[in-house]
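Residue strings, one per chain:
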Amino acid sequence: MKLVETDPESGSEIYQLTDDPRPTDNIYGEQPYGNGEGNRITVRHYFTDETEGGLSFLDLDDGSLHTVISGQSRFPAFHAWGDYLYYQQEVDGELFLKRCHYQKVVHEDVIKLPHDVGNLSYGTTSQDGNYYAVSVRQEDGLSLVLLFHISDGRRETMVQSTERYFKHEQFSLDTTNRVLIQANSLDVSSVYLGILNVGQEGVAWTAADRPHTPRPTGHEAWIGSSDRIFFSTGVDNEGETNLWITGVDDQTSTPVSNRSIRGSHISVSRCGNYWICDAAGEENVPIYIGSIENGRFQKLVETRTVHDSKQWSHTHPYVTADNQWLIYTSTRSGNPQVFGARIPSSFLDEL
């Protein structure tokens, strides 16, 4: 880990956490790929003509990297702040859901996944480890979400449609095992956010998209262990805030702040007290952290990333489970790498 600079406004120390010849990123922020202790996160290495891809655990205490997968890897399953990273891997022509312990770096098979149902997304594993939900696209245009019972591999269909395609599935962080699902129209003119419930068929729609809000961007997250959701949208009028909160049973959505802010990629702290977003339309792509309770927010860092149409240039910011680090990706060094900003305790206190 290398200290790059100290932000002159927030006082945050900014570190380059990885220095790898491979383009490397922090994957995604909606359900952070890190453990519950806050000391280890998952980073993804990209396959190129010169380099081999893979997944590694990065230890934030000593900067060490621990290989999970070598070679071109699939996108890991959403499972925030747990003991394990869940991921799909093909072995001898068979597809498995596997997991790797963050501290012990020990791999285990979880369930065998079917080849005959269509193209599987990355999926999401429930906090209790009992269920795995995954969206599937079939060649005939049918889109569905399958639920697997991890104890015995049994599967059932939670929802299916030929009018919409489902993606970005996320199990709730409480004990209800609800699944937040993104449902796009075929032309992506609408992006609805719905809730799926284990043991029930069908989807319950939230107050996202018309007539409640502008069209969501596809970046959404559960707010801690509550039944509320934080998401970003487009804007109808200049100066409007495009960050919103709604509950599972709410009839409306509420702007997260009465101050104007335009966020893109978003996340929420594990405690559910703080929201995080990058402002892709602003110079140097700053990252803001704000209060869920009162809407106040401040800039913590400027990422200095330059978008190049690749995922590795998106910041995908999130906060570690202990609220000690802001994790994000930047191209500022010329090669996409993972950066971390120490969060001063006074910064969060002021919110």
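Rules of the game
- Residues numbered from 1 in each chain as written.
- Predicted model: local features only at pLDDT ≥ 70, side-chain atom pairs only at ≥ 80, totals over all residues.
- Heavy atoms only, no water.
- Helix = DSSP H or I, 4+ residues; strand = E, 2+ residues; numbered from the N terminus.
- Rg over C-alpha atoms; globule rule 2.2 N^0.38 Å.
- Buried < 20%, exposed > 50% of the residue type's maximum accessible area, 1.4 Å probe, protein only.
- Contact = heavy atoms within 4.5 Å.
- Areas by Shrake-Rupley, 256 points an atom, 1.4 Å probe, with all protein chains shown as cover.
- Lys, Arg positive; Asp, Glu negative; His and termini not counted.
- Charge placed at Lys NZ, Arg CZ, Asp CG, Glu CD.
- Disulfide = S-S within 2.5 Å.
- Salt bridge = Lys/Arg side-chain N within 4 Å of Asp/Glu carboxyl O.
- Pairing = 2+ DSSP bridges.
- Axes fitted to C-alpha atoms, helices over the stretch in contact; angles between N-to-C directions.
- Core = buried A, V, L, I, M, F, W, Y, C linked by side-chain atoms within 4.5 Å.

1. Description of the overall build of the chain
The helix and strand inventory of the chain stands at 1 helix and 29 strands. In summary, the chain has a C-alpha radius of gyration of 19 Å against a globular reference of 20 Å for 351 residues, a match within 12%. With the C-alpha coordinates of the chain rotated into their principal frame, the extents come out at 55 × 45 × 35 Å. By residue count, 59% of the 351 residues in the chain fall in the buried class. When contacts within the chain are restricted to residue pairs at least 6 apart in sequence, those whose partners lie at least 24 apart make up 44%. Put simply, the chain shows about 14,500 Å² of open surface, and 41% of that area lies on carbon and sulfur atoms. If you average the places of the 27 positive and of the 49 negative side-chain charges in the chain, the two averages end up 0 Å apart.

2. Some thoughts on the state of the cysteines
Following the criterion strictly, the structure yields 0 disulfides and no others. Left without a disulfide partner, C271 is nearest to the cysteine sulfur of C277, which lies 16 Å away. For C277, a relative accessible area of 0% gives the class buried.

3. A look at unusual backbone geometry
The omega torsion across R210 and P211 is 5 degrees, close enough to zero to call that bond cis. As for its position among the elements, P211 is in the loop between strand 18 (204–205) and strand 19 (216–222). We note that N284 has phi near 70 degrees; this positive angle belongs to a residue other than glycine. Structurally, N284 can be placed in the loop between strand 24 (274–278) and strand 25 (286–291). Among the residues examined, N284 registers a relative accessible area of 26% and is labelled partly exposed. In this model, R304 sits at a positive phi of 60 degrees, which is unusual for a non-glycine residue. Mapping R304 onto the fold places it in the loop between strand 26 (297–302) and strand 27 (318–319). What makes R304 partly exposed here is its relative accessible area of 33%.

4. Quick word on the environment of R262
Along the chain, R262 turns up in the loop between strand 22 (254–255) and strand 23 (266–268). Judged by relative accessible area, which is 40%, R262 ranks as partly exposed. In sequence terms R262 and F78 are 184 residues apart; their C-alpha atoms lie 25 Å from each other. Once residues lying within four places of it in the same chain are set aside, the contact partners of R262 are V235, E238, E240, N242, D278 and A279.

5. With respect to the pattern of salt bridges
Inspection of the entire model under this criterion finds 16 salt bridges. Here D25 and R44 are joined by a salt bridge, their closest N and O atoms 2.9 Å apart. Taken as a pair, D25 in strand 3 (residues 24–25) and R44 in strand 4 (residues 40–45) lie far apart in primary sequence, 19 residues in all. Using a relative accessible area of 0% as the deciding quantity, one classes D25 as buried. In this structure R44 comes out as buried when scored by relative accessible area, which is 11%.

6. Some points on the sheet that holds strand 7 (residues 84–91)
With respect to topology, 3 strands assemble into an open sheet ordered 7-8-9, the strand pairing being antiparallel. A single partner strand is all that each edge strand has here, and the edge strands are strand 7 and strand 9 (107–113). Recorded for the sheet is a direction-independent mean angle of 30 degrees between the axes of neighbouring strands. Across 8 bridges, strand 7 lies against strand 8 (residues 94–101) in antiparallel orientation. Bridging across to strand 8, Q88 finds its partner in L97.

7. Considering the pairing of strand 2 (residues 13–16)
By the bridge criterion, 4 bridges tie strand 1 (residues 2–6) to strand 2 in an arrangement that is antiparallel. In the strand pairing of strand 2, T6 is matched with E13. If you look at the hairpin formed by strand 1 and strand 2, you'll find 6 residues sitting between the two strands, and G11 has a positive phi there, around 80 degrees.

8. Looking at the nonpolar core
Formed by 18 residues in total, the largest nonpolar core has its most connected members in L97, L113, Y132, L146 and F148. Apart from the residues within four sequence positions on either side, L113 is in contact with Q88, L95, F96, L97, L120, Y132 and F148. Grouped together as the second largest cluster of nonpolar side chains are 16 residues, Y274, I289, I343 and L348 included.

9. As for the sheet that holds strand 17 (residues 191–197)
The strand order across the open sheet built from 4 strands is 15-16-17-18, with neighbouring strands paired in antiparallel fashion. Of all strands in the sheet, those with a lone pairing partner are strand 15 (164–171) and strand 18, marking the two edges. Summarising the sheet, strand 17 and strand 18 pair through 2 bridges and their orientation is antiparallel. Its bridge partner being in strand 18, I195 is matched across the sheet by A204.

Any functional reading would require information that these geometric values do not contain.
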